[in-house]
Amino acid sequence: MPITLDQLNAAPLAEAAQMLDGLYEHSPWIAEAALQQRPFASLAALKHAMVRVLNEAGVEPQLALIRAHPELAGKAMVSKALTAESTNEQTKAGLTHCTPEEFAHIQRLNADYNAKHGFPFILAVRGPRGTGLTKAEIIATFQRRLHNPVDFERAECLRNIHRIAEIRLNDKFGFEPVLGNAVWDWHEDLARHTDPGCAELGQLTVTYLTDAHRACAAQLQRQMLALGFDEAHIDAVGNVVGRYHGNSPGAPSLLTGSHYDTVRNGGQYDGRLGIFVPMACVQQLKLAGRRLPFAIEVVGFAEEEGQRYKATFLGSGALTGHFNPAWLDQQDADGVTMRAAMQHAGLPATLEAIGSLRRDPAKYLGFVEVHIEQGPVLNELDLPLGIVTSINASVRYLGEVIGMASHAGTTPMDRRRDAACAVAELALYAEQRAAADGDSVATIGMLQVPNGSINVVPGRCSYSLDLRAPSDAQRDALAEDVLAKLGDICSRRGVRHTLEETMRAAAAPSAPAWQARWEAAAAALGVPLHRLPSGAGHDAMKLHEVMPQAMLFVRGQNSGISHNPLESSTSDDMDLCVRAFAHLLGQLAAEHPN
């Protein structure tokens with residue numbers, strides 16, 4: 001029979017420890033120490049109590065725990081000496097049925113990993129969904145992590161051990177993250193759509209108004225209606241807008257959502273998590289036959305990443321009345337204007353139609369957005385949720401340095417007008433200048449020598465420049481210094497430059513009342529509160545200009561990496577996120593009685 005939390009909280013210590021036996025491989029002391037913190041309000045609280053025990057234990061006990069784990073497909077598996085829990089996990093991942101070639105490959109990886117790190121490779125082989133990674137996924141992860149620094153990899157092993165314990169705990173309590181599993185599956189299904197040439201490479205790329213983008217929009221619209229939304233449509237810029245009506249015709253609305261476009265070769269949770277989580281909440285309301293004293297408007301924003309056109313936050317900008325008419329004449333890399341792309345997609349492509357999308361803030365309670373963190377903080381702290389305090393200010397530029405192309409062999413070093421070296425010097429300065437602030441960041445993410453040749457001094461170099469800081473003033477000071485340095489570099493090197501500002505977004509501090517609601521939701525779930533700023537930009541930055549906003553972050557796996565195919569999260573964390581969102585809805589309903 002599954003254990004209940006009430007039983008665990010009430011049982012004598014020895015009996016309670018026996019209930020939790022096997023969570024951590026041959027290390028019952030972790031659960032025993034955590035039980036001193038009873039009673040636990042939730043499984044999430046129990047999980048974090050065990051995380052804290054191990055974090056505070058020190059390096060030697062941590063290494064002992066790691067070394068207590070068996071190697072994947074190792075001698076213990078062959079001799080059938082694994083614990084019941086490890087046998088179950090390795091069997092679900094197919095490791096008990098390796099071909100001789102697969103087994104030999106994993107054995108080589110085990111040997112190389114142990115030789116480098118001094119402890120066995122630990123991976124939660126049941127994966128983010130709990131149903132098991134494939135052997136190919138396990139081997140690819142093994143090969144990637146083999147090259148990590150030792151201290152980093154020790155921490156990564158501990159994070160995987162906590163994930164193993166989480167899944168084992170779920171089994172003991174008979175808990176299944178049903179809502180999280182559904183949201184996880186929805187992400188997988190939507191990721192079928194990708195731009196031409198990317199599917200064959202196993203890449204997810206969905207840029208504005210491509211066929212894959214339009215397929216995503218159509219699928220989201222169908223799914224909203226199937227889940228119980230009263231209406232769903234695709235608007236004049238390609239946003240997918242679903243509404244679940246309140247219990248009275250004149251009820252105000254809660255606005256929420258995020259974007260469904262991606263960066264090139266990106267991950268499948270960036271943006272989309274913020275669409276699917278409120279969709280899951282609407283589904284639960286519909287199944288319960290419940291209406292709230294406000295409507296819920298969920299928007300899948302069509303464009304946030306600025307990948308196909310220089311029009312970042314196009315989707316959310318249209319709702320705030322900040323669509324730039326000049327965008328319609330922009331051309332993509334193939335010379336297709338935005339206007340033509342809109343017309344091809346069946347959108348009106350008129351300023352009148354786009355202008356009509358502007359929302360009246362008086363009709364909205366505010367805007368909330370759920371998003372994967374896109375950073376390492378929550379992952380390193382082993383916390384599933386984080387409360388966003390503010391979104392950093394940012395500014396972006398596209399530039400080009402123009403020098404003189406010349407023969408690489410005959411042009412003396414002191415006679416060169418090398419455009420690429422000028423940009424390289426700028427990149428190093430921007431790195432140093434941002435680091436001097438401590439919490440500013442500067443990135444040259446694109447750098448290209450058009451028609452470059454191995455034996456030609458670069459005559460032109462195009463690049464991007466992305467500057468971010470916690471406040472507008474700090475961002476502006478950073479930009480002023482970097483652009484001044486660009487001028488100095490070009491003057492000294494005898495080259496000239498062009499620079500176009502493509503995006504500027506003000507810092508967006510969370511509205512205190514809305515931040516407090518997210519905090520109350522996390523606390524109700526037994527999740528420790530952790531507040532952090534967002535270094536990434538989000539659609540909430542645009543909505544912040546016209547209404548109060550606040551965001552909730554969800555932990556990412558693989559060190560929180562994002563804008564990368566390794567971007568991931570677990571169905572357990574997604575489940576907590578859905579329940580946090582539902583709690584926020586409950587708070588709002590209590591604050592706005594009929």
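Details of the structure are given in the entry above.
Cut-offs and rules
- Residue numbering note: each chain is counted from 1, following its sequence as written.
- Thresholds applied to this predicted model are a pLDDT of at least 70 for local features of residues and 80 or more for the giving and counting of side-chain atom pairs; totals over whole chains, interfaces and linings are not thresholded and use all residues.
- Remark: hydrogens and water are excluded; side-chain values derive from all non-hydrogen atoms of the structure.
- Only runs of H or I of at least four residues qualify as helices and only runs of E of at least two qualify as strands under DSSP, and these elements are numbered from the N terminus.
- For the radius of gyration, the atom set is restricted to C-alpha positions; the globular benchmark scales as 2.2 Å times the number of residues to the power 0.38.
- The cut-offs for exposure are 20% and 50% of the maximum accessible area for each residue type, with area from a 1.4 Å probe on protein chains only; residues under the lower value are buried, those over the upper are exposed, and the others partly exposed.
- Exposure was quantified through the Shrake-Rupley algorithm and a 1.4 Å probe, taking into account, for residues, occlusion by the shown protein chains and nothing else.
- For the purpose of charge, His is not counted, nor are the chain termini; Lys and Arg are scored as positive and Asp and Glu as negative.
- By convention, the point assigned to a charge is CZ for Arg, NZ for Lys, CD for Glu and CG for Asp.
- DSSP bridges decide pairing: two strands pair if at least two such bridges lie between them.
- Assignment of crossover handedness uses the view with strands pointing away from the viewer, where a clockwise path from the first strand over the helix to the second indicates a right-handed crossover.
- Whenever a nitrogen or oxygen atom comes within 3.5 Å of another N or O atom, the pair is scored as a polar contact, on the condition that within protein one atom can donate a hydrogen and the other can accept it, and that pairs from neighbouring residues in sequence are kept only if both atoms are in side chains.
- Any Phe, Tyr or Trp ring, taking Trp's six-membered ring, that has another such ring centre within 6.5 Å forms a pair; planes under 30 degrees apart are called stacked, those over 60 apart edge-to-face, and the others tilted.
- Whether a charge sits over a ring comes down to the Lys NZ or Arg CZ being within 6 Å of the ring centre and within 35 degrees of the ring normal.
- Multiplying 1.5 Å by the residue count of a helix minus one yields the expected span of that helix.
- Any two residues whose heavy atoms approach within 4.5 Å are treated as being in contact.
- This arc is taken over the directions from the axis of the helix to the C-beta atoms.
- Residues enter a nonpolar core if they are buried and are Ala, Val, Leu, Ile, Met, Phe, Trp, Tyr or Cys, with the set joined through side-chain atoms within 4.5 Å.
- Lining residues are defined by having an atom within 4 Å of a point belonging to a cavity or pocket. Those points lie on a 1 Å grid over the protein atoms alone, cavities being sets where a 1.4 Å probe fits but cannot get out and pockets being open sets with protein on both sides within 12 Å along at least five of seven lines.
- Grid points are joined across faces, edges and corners, and a volume is the space filled by probe spheres set on the points.
- Residues are grouped as follows: Ala, Val, Leu, Ile, Met, Phe, Trp, Tyr, Cys and Pro are nonpolar; Asp, Glu, Lys and Arg are charged; all remaining types, including Gly, are polar.
- Two cysteine sulfur atoms form a disulfide, by the criterion used here, when they sit within 2.5 Å.
- We count a salt bridge whenever a side-chain nitrogen from Lys or Arg sits within 4 Å of a carboxyl oxygen from Asp or Glu.

Chemist: Before we go on, may I ask you to explain the overall build of the protein chain in this structure?
Modeler: When you go through the protein chain residue by residue, the secondary structure sums to 22 helices and 16 strands. A compact globule built from 594 residues would reach a C-alpha radius of gyration of about 25 Å, and the protein chain, at 26 Å, matches this within 12%. Taken along the three principal axes of its C-alpha coordinates, the protein chain extends 75 × 70 × 45 Å. Here the protein chain, with 594 residues, has 55% of them falling under the buried criterion. Of the roughly 24,400 Å² that the protein chain leaves accessible, carbon and sulfur atoms contribute 54%. With 52 positive and 67 negative side-chain charges, the protein chain shows a separation of 1 Å between the mean positions of the two kinds.

Chemist: Looking at this structure, how should I read the pairing of strand β4 (residues 295-301)?
Modeler: The two faces of a sheet get side chains in turn, since along a regular strand they alternate between them. Counting buried residues along β4, 7 of its 7 residues qualify, which places the element largely inside the surrounding structure. Neither face of β4 is left uncovered, since the one carrying Ala295, Glu297, Val299 and Phe301 and the one carrying Ile296, Val298 and Gly300 both have all their residues buried. In this structure, strand β2 (residues 240-244) lies alongside β4, joined through 5 bridges in antiparallel fashion. Bridge pairing links valine 240 to glycine 300 in β4. The parallel pair strand β3 (residues 253-259) and β4, bridged by helix α13 (residues 273-287), forms a crossover whose chirality is right-handed.

Chemist: Sorry, what's going on with the side chain of serine 258 here?
Modeler: Tracing the backbone shows serine 258 in strand β3. For serine 258, a relative accessible area of 0% puts it in the buried group. Within polar-contact distance, the side chain of serine 258 engages the backbone oxygen of glycine 271 at 3.3 Å. A polar atom in the side chain of serine 258 sits 2.6 Å from the side chain of glutamate 369.

Chemist: Explain the packing of aromatic side chains here, please?
Modeler: For the structure shown, the criterion picks out 8 aromatic pairs. Measuring from centroid to centroid gives 5.2 Å for phenylalanine 323 and tryptophan 327, while their planes differ by 85°, and the two rings are edge-to-face. As far as the burial class goes, phenylalanine 323 and tryptophan 327 line up, both buried. Note on tryptophan 518 and phenylalanine 581: the rings are 5.8 Å apart at their centroids and 65° apart in plane angle, and the pair reads as edge-to-face. Pair noted here: tryptophan 518 is in helix α20 (residues 512-524) and phenylalanine 581 is in helix α22 (residues 571-591), with a separation of 63 residues, a long-range link. With respect to burial, tryptophan 518 and phenylalanine 581 carry one shared label: buried. The structure contains a cluster of three or more aromatic residues connected by ring pairs, namely Tyr113, Phe119, Phe121 and Phe142. The ring of tyrosine 244 is capped by arginine 291, whose NZ or CZ atom sits 4.2 Å from the centre of that ring.

Chemist: Sorry, what's going on with α20 here?
Modeler: Each α-helix turn comprises 3.6 residues. Residues three or four places apart therefore point the same way. The first and last C-alpha atoms of α20 sit 18 Å apart over 13 residues, in line with the 18 Å expected at 1.5 Å per residue. Restricting attention to buried positions, one finds in α20 the residues Trp514, Gln515, Arg517, Trp518, Glu519, Ala521 and Ala522. Those residues of α20 that are buried lie in contact with β3, β5 (364-372), β6 (385-391), β15 (531-534), β16 (549-554) and α22. Looking one or two residues beyond α20, the residue adopting positive phi is glycine 526, at roughly 80°.

Chemist: Please clarify how helix α9 (residues 135-145) should be interpreted in this entry.
Modeler: All of the buried residues along α9 are Ile138, Ile139, Thr141, Phe142 and Arg145. Down the axis of α9, the sector holding all buried residues measures 160°, keeping them to one side. In this fold, the buried residues of α9 make contact with α8 (100-117) and α10 (150-173).

Chemist: Please explain the nonpolar core as it appears in this structure.
Modeler: Considering soluble globular proteins, one finds that nonpolar side chains tend to be buried as a cluster. With 80 residues, the main nonpolar core has Met279, Met338, Met342 and Trp518 as its most contacted residues. A per-element tally of this core places α22 first, with 10 residues. In this structure, methionine 338 is in contact with Tyr208, Tyr309, Ala311, Leu314, Phe323, Trp327, Leu328 and Gln330, ignoring residues within four places of it in sequence. Core analysis: the next-biggest nonpolar cluster, separate from the first, contains 50 residues, Ile3, Phe119, Val125 and Ala165 among them.

Chemist: Got a minute to help me understand empty space enclosed by the protein in this structure?
Modeler: Applying the stated criterion across every chain yields a total of 3 cavities of 30 Å³ or more. Together, 15 residues line the largest cavity, and His69, Leu72, Glu89, Leu123 and Ile164 are the ones closest to its centre. Of all the secondary-structure elements, those providing two or more residues to the lining of the largest cavity are α7 (84-92) and α10. Across the lining of the largest cavity, the residue classes break down as 9 nonpolar, 3 polar and 3 charged.

Chemist: Where do I start with the state of the cysteines in this structure?
Modeler: In protein chemistry, a disulfide is the covalent bond that joins the sulfur atoms of two cysteines. All chains considered together, the criterion is met by 0 disulfides. Free of any disulfide, cysteine 281 has its nearest cysteine sulfur in cysteine 577, 8.1 Å distant. Take cysteine 577: its relative accessible area is 0%, and that puts it in the buried class.

Chemist: Teacher, can you tell me more about the pairing of strand β1 (residues 231-234) here?
Modeler: Taken together, the 4 bridges between β1 and β2 define a ladder with antiparallel strand orientation. In the sheet register, alanine 232 faces β2, and the bridge partner there is glycine 242. Connecting β1 to the next strand, β2, in antiparallel fashion are 5 residues, including glycine 238 with a positive phi near 100°.

Chemist: In this structure, what is going on with the pattern of salt bridges? I would like to understand it.
Modeler: Side-chain pairs of opposite charge can arise where the charged atoms are in close proximity. Following the criterion strictly, the structure yields 35 salt bridges and no others. Note that glutamate 425 is salt-bridged to arginine 492, the shortest N-O span being 2.5 Å. In this pair, glutamate 425 is assigned in helix α18 (residues 419-437) and arginine 492 in helix α19 (residues 472-493), connecting sequence segments 67 residues apart. Among the residues examined, arginine 492 registers a relative accessible area of 53% and is labelled exposed. A cluster of three or more residues bridged by salt bridges with shared partners is formed by Lys47, Arg163, Glu166 and Asp572.

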